[in-house]
Every structure is written in C-alpha cells, then in structure tokens.
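Listed here are the chains, written in short residue letters.
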Amino acid sequence: MSASNPLSSERLSTSLGLLALRVAGAGMLMTHGVAKVQRLDTLWTNFGDPLGLGPSTSVALAIFGELVCTSLVVLGVFTRLATIPWAITMIVAAFIVEGAAPFSAKELALLYLTIAVTLTITGPGRLSFDGWLASKRAWAARLVA
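The text that follows walks through the structure, step by step, so that each part is easy to find. Note that the structure is predicted; figures quoted are calculated from it, not measured.

Notes on the overall build of the protein
Right, on to step 1. Of the regular secondary structure elements, the protein holds six helices and zero strands.
Right, on to step 2. Secondary structure of the protein in N-to-C order comes out as α-α-α-α-α-α.
Right, on to step 3. Seen through its C-alpha atoms, the protein measures out along the principal axes to roughly 55 × 30 × 25 Å.
Right, on to step 4. Looking at the 145 residues of the protein, the share that counts as buried comes to 31%.
Right, on to step 5. Restricting the contact set of the protein to residue pairs at least 6 apart, pairs at least 24 apart contribute 64%.
Right, on to step 6. Total accessible area on the protein is roughly 8,500 Å²; 71% of this is exposed by carbon and sulfur atoms.

Let's talk about helix α5 (residues 103–122)
Right, on to step 1. In this model, α5 (20 residues) spans 27 Å end to end at C-alpha, consistent with the 28 Å of a helix rising 1.5 Å per residue.
Right, on to step 2. The axis of α5 is deflected most strongly, by about 30°, at Ala-109.
Right, on to step 3. If you check which residues of α5 are buried, you get Lys-106, Ala-109, Leu-110, Tyr-112, Leu-113, Ile-115, Ala-116 and Leu-119.
Right, on to step 4. Trailing α5 by a residue or two, Gly-123 shows a phi angle of about 80°, which is positive.

Description of the environment of Thr-70
Right, on to step 1. The topology assignment puts Thr-70 in helix α3 (residues 55–75).
Right, on to step 2. Taking the C-alpha atoms as reference, Thr-70 lies 9.0 Å from Gly-33; in sequence the two are 37 residues apart.
Right, on to step 3. Residue contacts for Thr-70: discarding those within four places in its chain leaves Ala-26, Leu-29, Met-30, Gly-65 and Trp-86.

Digging into unusual backbone geometry
It is generally the case that most residues other than glycine have a negative phi and that most peptide bonds are trans.
Right, on to step 1. Its identity as a non-glycine residue notwithstanding, Phe-78 has a phi of 50°, on the positive side.
Right, on to step 2. Residue placement: Phe-78 occurs in the loop between α3 and α4 (79–97).
Right, on to step 3. Accessibility expressed as a relative area gives 53% for Phe-78, which makes it exposed.

Notes on the pattern of salt bridges
Right, on to step 1. Tallied over the full model, the rule gives one salt bridge.
Right, on to step 2. With a closest N to O distance of 2.8 Å, Lys-36 and Glu-66 form a salt bridge. With a gap of 30 residues between them, Lys-36 in helix α1 (residues 9–38) and Glu-66 in helix α3 connect regions that are remote in the sequence.
Right, on to step 3. Residue classification places Lys-36 among the buried positions, given a relative accessible area of 13%.
Right, on to step 4. On the basis of relative accessible area, Glu-66 is assigned to the buried category, the value being 8%.

Comments concerning the side chain of Glu-66
Right, on to step 1. Here Gly-33 takes part through its backbone nitrogen, which lies 3.5 Å from a polar atom of the side chain of Glu-66.
Right, on to step 2. Not counting residues up to four positions away in its chain, the partners in contact with Glu-66 are Leu-29, Met-30, His-32, Gly-33, Lys-36, Thr-89 and Met-90.

What about the nonpolar core?
Right, on to step 1. Of all hydrophobic cores here, the largest spans 17 residues; its most connected members are Leu-29, Val-73, Trp-86, Met-90, Tyr-112, Leu-113 and Leu-119.
Right, on to step 2. Breaking this core down by element, the ones donating at least two residues are α1, α3, α4 and α5.
Right, on to step 3. Take this core: its biggest share by element is seven residues, from α5.

Focus on the environment of Arg-80
Right, on to step 1. Structurally, Arg-80 is set in helix α4.
Right, on to step 2. For Arg-80, a relative accessible area of 43% gives the class partly exposed.
Right, on to step 3. Excluding residues within four positions of it along the chain, Arg-80 makes contact with Leu-119, Thr-120, Ile-121, Thr-122 and Gly-123.
Right, on to step 4. Within the local environment of Arg-80, its side chain forms a polar contact with the backbone oxygen of Thr-122, the two atoms lying 3.2 Å apart.

Rules and cut-offs
- Residues numbered from 1 in each chain as written.
- Predicted model: local features only at pLDDT ≥ 70, side-chain atom pairs only at ≥ 80, totals over all residues.
- Heavy atoms only, no water.
- Helix = DSSP H or I, 4+ residues; strand = E, 2+ residues; numbered from the N terminus.
- Buried < 20%, exposed > 50% of the residue type's maximum accessible area, 1.4 Å probe, protein only.
- Contact = heavy atoms within 4.5 Å.
- Areas by Shrake-Rupley, 256 points an atom, 1.4 Å probe, with all protein chains shown as cover.
- Expected span 1.5 Å × (residues − 1).
- Bend = angle between axes of the 7 residues up to and from the residue.
- Salt bridge = Lys/Arg side-chain N within 4 Å of Asp/Glu carboxyl O.
- Polar contact = N/O pair within 3.5 Å; in protein donor to acceptor, adjacent residues only side chain to side chain.
- Core = buried A, V, L, I, M, F, W, Y, C linked by side-chain atoms within 4.5 Å.

Written out as structure tokens, the structure is:
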C-alpha cells in the first residue's frame, strides 16, 4: 500500500493504538463515574467540595467528566471536546483533592489526565465516529469540487 493510502499500515496501526487508548483509558475511568452514580444518594450531600461549588455541583461535575465525557470518548464522538471536562476533573483530583498527598495517591489521576491530554492533541483516530464523519465530509467535498 502506498504512503498516501489512508489504510496504510502506519495509519491503521496509529488508529488501532488510539482506539485501544480511548477504550481502555476512558473505559476504566468510566467505572469511577458509574460507582459515583450508584452511591449518588449519599454523595449528593457528602461529596467533597474542592472548588467551593457545593457538594451536589461537585459530584455532578465529577460524574459528567468521569462518565458522560468518557462514554463519548469510548465511542469517538466529539472526542477532543469531551476530553476537556475529563482533564479538568483529573486536574482537580490530582492537584486539589490529593494536593498534599504523596505522589502514589495522585498517580492514577495523573495517568488519566495524560490519556485525556493525549487524545485532545491527537484526536480519536480514524476508527471512531469522529473519524467516520471526517471521511464522509472529505468524500462530499471531493464530489462538490
């Protein structure tokens, strides 16, 4: 296959790597959001308030970042946009909630932050809804041109 072929082994391997990163990274963080939803009745008033927004707002934002946004990332839908609240949630977790704690207490949040930043920079790859939509736009643009 030629280097300009979108399905060349290099581009395919990159897209497969991004797919694995999206599904594994976001999928694992998603479990934290699901756990929060399952305990929502107690968390609604007892959740930490690291930004001074109130416990209910704080837990809602954490669930949004850890469950809603990661679900979008797994599917590759609005990936770059969805990684922003995810990253903010991990920044708050690592540097505010666990700010005074040893590095070992922060490393999981920092790992999730690294995944979110990586996907913000790279995008989701071709094996995603965003990639499929981009290929359809490119195809339509060639028809019009």
